Amino acid sequence: MGGSDSEGDRSAHKEKEKKKLQALAPIAKPLAGKKLSKRTLKLIRKAAEHKCLKRGVKEVVKSIRRGNKGVCVIAGNITPIDVITHVPILCEEADIPYVYVSSKEDLANAGATKRPTCCVLVLTKPTKGELGEEEQQKLKAEYDQVASEVTELAATLF
């Protein structure tokens with residue numbers, strides 16, 4: 001009996017994943033794979049804890065224009081797509097690596113908000129105050145790893 005439950009859960013999970021992929025916008029490239037998505041969302045979760053995160057199109061655009069550096073993570077299932085089409089261009093002009101993840105709901109959960117989020121910018125240091133040396137290095141190491149993977153992914157695309 002126990003085996004059938006997990007199998008039912010698995011098929012439901014696969015259905016959910018399929019729906020997420022069908023809802024993706026055609027411009028959602030470079031799209032993070034499963035592993036990179038997981039790692040990116042983990043980084044966002046940590047950044048949210050340490051207040052190193054900008055949420056939403058308005059905040060992200062403002063931050064990029066002010067010259068803040070970081071990794072931009074954009075949701076791939078945004079409708080209408082016009083809301084976020086200018087963000088990748090801004091990122092490229094400012095030499096900020098960006099990547100798409102499959103859903104805005106996952107992005108919001110990782111960013112510690114209940115409201116679905118279009119995009120987030122993970123900053124290297126908090127906007128106000130300072131982090132402890134050890135925490136700063138942990139966050140920086142994880143940030144560097146994700147940033148390099150995102151850059152590699154983008155390089156294979158263009």
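Residues numbered from 1 in each chain as written. Predicted model: local features only at pLDDT ≥ 70, side-chain atom pairs only at ≥ 80, totals over all residues. Heavy atoms only, no water.

Caption draft 1: Inspection of the side chain of S37 at higher detail. Mapped onto the secondary structure, S37 falls in helix 2 (residues 34–49). Those residues in contact with S37 that lie beyond four places of it in its chain are A32 and V101. (Helix = DSSP H or I, 4+ residues; strand = E, 2+ residues; numbered from the N terminus. Contact = heavy atoms within 4.5 Å.)

Caption draft 2: Geometry of the packing of helix 2 against helix 6 (residues 133–157). For the pair helix 2 and helix 6, the least separation of the axes is 10 Å and the interaxial angle reads 145 degrees. Two packed elements cross with a definite hand, and for helix 2 against helix 6 that hand is left-handed. Residue-level contacts link L36, R39, T40, K42, L43, K46 and A47 of helix 2 to L139, E142, Y143, Q145, V146, E149, V150 and L153 of helix 6. When the residues that make up the contact of helix 2 with helix 6 are grouped by side-chain class, the tally is eight nonpolar, two polar and five charged. (Axes fitted to C-alpha atoms, helices over the stretch in contact; angles between N-to-C directions. Left-handed = near helix turned anticlockwise from the far one by under 90°. Nonpolar A, V, L, I, M, F, W, Y, C, P; charged D, E, K, R; others polar.)

Caption draft 3: View of the packing of aromatic side chains. Per the stated rule, a full pass over the model turns up one aromatic pair. Judged by centre distance (6.3 Å) and plane angle (80 degrees), the ring pair of Y98 and Y100 falls under edge-to-face. Y98 sits in the buried class, given a relative accessible area of 8%. In this structure Y100 comes out as buried when scored by relative accessible area, which is 1%. (Phe/Tyr/Trp six-rings, centres within 6.5 Å; stacked < 30°, edge-to-face > 60°. Buried < 20%, exposed > 50% of the residue type's maximum accessible area, 1.4 Å probe, protein only.)

Caption draft 4: Quick look at the environment of I84. Structurally, I84 can be placed in the loop between strand 2 (70–75) and helix 4 (87–93). Each C-alpha atom, one on I84 and one on V61, is 10.0 Å from the other, the two residues being 23 residues apart in sequence. Look past the residues within four positions of I84 in its chain and what remains in contact with it is V57, I74, A75, I78, Y100 and C118.

Caption draft 5: Representation of the sheet that holds strand 1 (residues 53–55). In space, the four strands of this open sheet follow the order 1-4-2-3, with mixed pairing throughout. Only two strands of the sheet have a single neighbouring strand rather than two, namely strand 1 and strand 3 (98–101). Adjacent strand axes in the sheet meet at a mean angle of 20 degrees when their direction is disregarded. Here strand 2 runs beside strand 3; their pairing, made up of four bridges, is parallel. If you follow I74 over to strand 3, its bridge partner there is Y100. Of the strands in this sheet, strand 1, strand 2 and strand 4 (119–123) are in contact with helix 3 (residues 57–65), which crosses strand 4 at around 40 degrees. (Pairing = 2+ DSSP bridges.)

Caption draft 6: Looking closely at the pattern of salt bridges. Evaluation of the coordinates by the stated rule reveals three salt bridges. With a shortest N-O distance of 2.3 Å, R39 and E149 are connected by a salt bridge. Note that R39 is positioned in helix 2 and E149 in helix 6, a separation of 110 residues in sequence. Residue classification places R39 among the partly exposed residues on the basis of a relative accessible area of 26%. Take E149: its relative accessible area is 23%, and that puts it in the partly exposed class. (Salt bridge = Lys/Arg side-chain N within 4 Å of Asp/Glu carboxyl O.)

Caption draft 7: Quick peek at the pairing of strand 3. Along strand 3, one buried face is formed by Y98 and Y100 and the opposite face, lined by V99 and V101, is buried too. Handedness of the strand 2-helix 4-strand 3 crossover: right-handed. (Right-handed = clockwise from strand over helix to strand, strands pointing away.)

By themselves, these are just geometric observations and shouldn't be taken as functional.
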